[in-house]
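Chain and residue survey
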Amino acid sequence: MRSRTKKLIALGVAFTVSLRLFVFGLSYPLLLRVRGDAYGYLDIARQLTDWSAVLSFAGNRVVGFPFFEVVVGKIVSVFFSSYTLLAWVNAIGVALLIIHIASAWVLSRWARNTNLIATENAALILFVFFATFPALIGHTTTPLSDTLAVDLVVCALMSMHVSLKHDVGFKSFVWAGLAAFLFAFSILVRPGNLSGVVAALMTGMVVALWTANRKATVVGVIMLGCAGVLAPYYFNCTQKYGSVCLQSPATFGSVDSAQVGLLGARLLWGKGEWSPGKFPVMPDEIMFTNYYQRCQLKTIVGITDSSLTGCLMTRPLALPAYMVKKWIGLFDHFRFTPYLEEVTPAWLRWLSRGYDSLAWIGLWLFFLTLCYWKKGAQPSEIRAKLLGSLTPLLLVSYSIVMLAQHTVLHVEDRYGFPLLALCAIMLVSYGERVIRDYRIVGLRRLAPLILYCVAAWVVFVVQIIVWDNATFN
């Protein structure tokens, strides 16, 4: 089959599945789709009447996603002199869906160009998997920032890759400028991205200085450009609230989040009776007994029970369970969106979990690669792929920091979105290796790897069944 035909088939499958899920999401009433943060973003967007309002904004949220909504509204107004709130919300959803499918294609091209994926067939599988991921599609049906933030980071990595491929000059700096804007805008869309993006760019700069001055110049331009985009909003927020910030410090408290994160790893907005306070987290017996019941946190770092690190270290034997449960919570997308928690049908919940379980296996294949990396053992080709180009290393750094950040804080399933690109790539990359090695050495040599993946899958399924029995029964 010709390459072009394969691409058309992959595009057709991706559009068909994602559009079917998207239309299903739009079938819910507007009152179920626009609540909480989604309503807050729209309310801010209504206040952004001109450029000065956008540039001078400081408030409980960052300006990125409301600005995106304003741009979509301006585009709609070109075709319609007046439109309803429903039409605006649906137009925002359509824009998010188009960007997501385009970014999935960008991810597959980037993975192929950087040799993370060895074959065109595997790249197309990666595209379809990422483009049709149900949880990511679900968050395009309501005005929420989570899917867009991930897509922006993916496109930023591709822009940076293209910039590094050019000789230092006009084209290189244009692509570097685009990468800087996309990285910065991903932070303005979702400020939780800040630590991951900063860690990725710092890693890139260190490696670039070590290996090639030309790369260091490009990374430096991206870092300066990113800082330049963010600087006005840091200034606005600092002037308004008296401390360095991107949004009101009252919006999010890391210590409060870490405290409730000791209680459990599944957050249920529809069952607020689970726990007092801002975050209704379902108690997990191991986490509650070993950590939440014993520790009243006042800081993140320290050696006493009033600090998160001190609390965790006093019960080291329970720490692996704490971490694995937190990670499963990041990958268990049991609801289409946070607002549809109680009305997501069973078929969609388990379809989503089919994707989730594959992404979960991808995470554990990444951990396996890190172990091989540390030992200097095989599979050397996968280790070489991650080191063969600068941008894959940035994705690794970004993903590790985002995973660490949400291991510390309370868990919502949407917080796992930043990890999905790396997990999908690892899954497909190892899949290529298994198919190739099976033809050469047979199934017997691959048994340990397969058993490792099955064990990871069993842990995931057993834990979500236990949580489901407490949640839905």
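Structure report, in brief. (Residues numbered from 1 in each chain as written. Predicted model: local features only at pLDDT ≥ 70, side-chain atom pairs only at ≥ 80, totals over all residues. Heavy atoms only, no water.)

**With respect to the nonpolar core**
- Within the largest apolar cluster, 134 residues are counted, with the highest numbers of intra-cluster contacts made by Phe68, Met160, Phe183, Ile222, Phe331 and Ile425.
- With 13 residues, helix α6 (residues 85–113) is the single largest residue contributor to this core.
- Beyond its immediate chain neighbours, meaning those up to four positions away, Ile222 contacts Met160, Ala176, Ala179, Ala180, Phe183 and Leu201. (Core = buried A, V, L, I, M, F, W, Y, C linked by side-chain atoms within 4.5 Å. Buried < 20%, exposed > 50% of the residue type's maximum accessible area, 1.4 Å probe, protein only. Helix = DSSP H or I, 4+ residues; strand = E, 2+ residues; numbered from the N terminus. Contact = heavy atoms within 4.5 Å.)

**Considerations on unusual backbone geometry**
- Backbone geometry places Asn115, a non-glycine residue, at a positive phi of 65°.
- As for its placement among the helices and strands, Asn115 is situated in the loop between α6 and α7 (120–131).
- When its relative accessible area of 47% is taken as the criterion, Asn115 is described as partly exposed.

**Here we look at helix α10 (residues 170–189)**
- Taking 1.5 Å of rise per residue, 20 residues should cover 28 Å, and α10 covers 28 Å from first to last C-alpha, within 8% of that figure.
- Here the buried face of α10 lies against α3 (36–47), α5 (64–79), α9 (146–165), α11 (194–211) and α12 (213–241). (Expected span 1.5 Å × (residues − 1).)

**Thoughts on the environment of Leu182**
- Looking at the element boundaries, Leu182 is found in helix α10.
- Residues Leu182 and Leu157, spaced 25 residues apart in sequence, show a C-alpha to C-alpha distance of 8.9 Å.
- Dropping the residues within four chain positions of it, Leu182 is found in contact with Leu152, Cys155, Ala156 and Ser159.

**Some points on the packing of α9 against α12**
- Across the interface, α9 lies against α12 with an axial gap of 10 Å and an inter-helix angle of 140°. The handedness of the crossing between α9 and α12 comes out as right-handed. Residue-level contacts link Met160, Ser163, Leu164 and Lys165 of α9 to Arg214, Lys215, Val218, Val219 and Ile222 of α12.
- A class-by-class count of the residues in the contact of α9 with α12 yields five nonpolar, one polar and three charged. (Axes fitted to C-alpha atoms, helices over the stretch in contact; angles between N-to-C directions. Left-handed = near helix turned anticlockwise from the far one by under 90°. Nonpolar A, V, L, I, M, F, W, Y, C, P; charged D, E, K, R; others polar.)

**Examining the pattern of salt bridges**
- For the structure shown, the criterion picks out 14 salt bridges.
- As a salt-bridge pair, Asp332 and Arg353 come within 2.8 Å of each other at their nearest N and O atoms. Pair noted here: Asp332 is in the loop between α16 (319–331) and α17 (346–375) and Arg353 is in helix α17, with a separation of 21 residues, a long-range link.
- When its relative accessible area of 2% is taken as the criterion, Asp332 is described as buried.
- Exposure remark for Arg353: the relative accessible area of 2% places this residue in the buried category.
- Linking Glu341 and Arg335 is a salt bridge whose minimum nitrogen-to-oxygen distance equals 2.5 Å. In this structure, Glu341 and Arg335 share a single accessibility class: buried.
- Connected through shared salt-bridge partners, Asp37, Arg61, Asp146, Arg190, Glu412 and Arg414 make up one network. (Salt bridge = Lys/Arg side-chain N within 4 Å of Asp/Glu carboxyl O.)

**Thoughts on the packing of α6 against α9**
- Remark: α6 packs on α9, axes separated minimally by 9 Å, with the N-to-C direction vectors making an angle of 35°. Two packed elements cross with a definite hand, and for α6 against α9 that hand is left-handed. On the side of α6, the interface is formed by Leu96, Ile99, His100, Ser103, Val106, Leu107, Arg109, Trp110 and Asn113, while α9 contributes Thr147, Leu148, Asp151, Val154, Cys155, Leu157, Met158 and His161.
- Considering only residue class, the contact of α6 with α9 consists of ten nonpolar, five polar and two charged.

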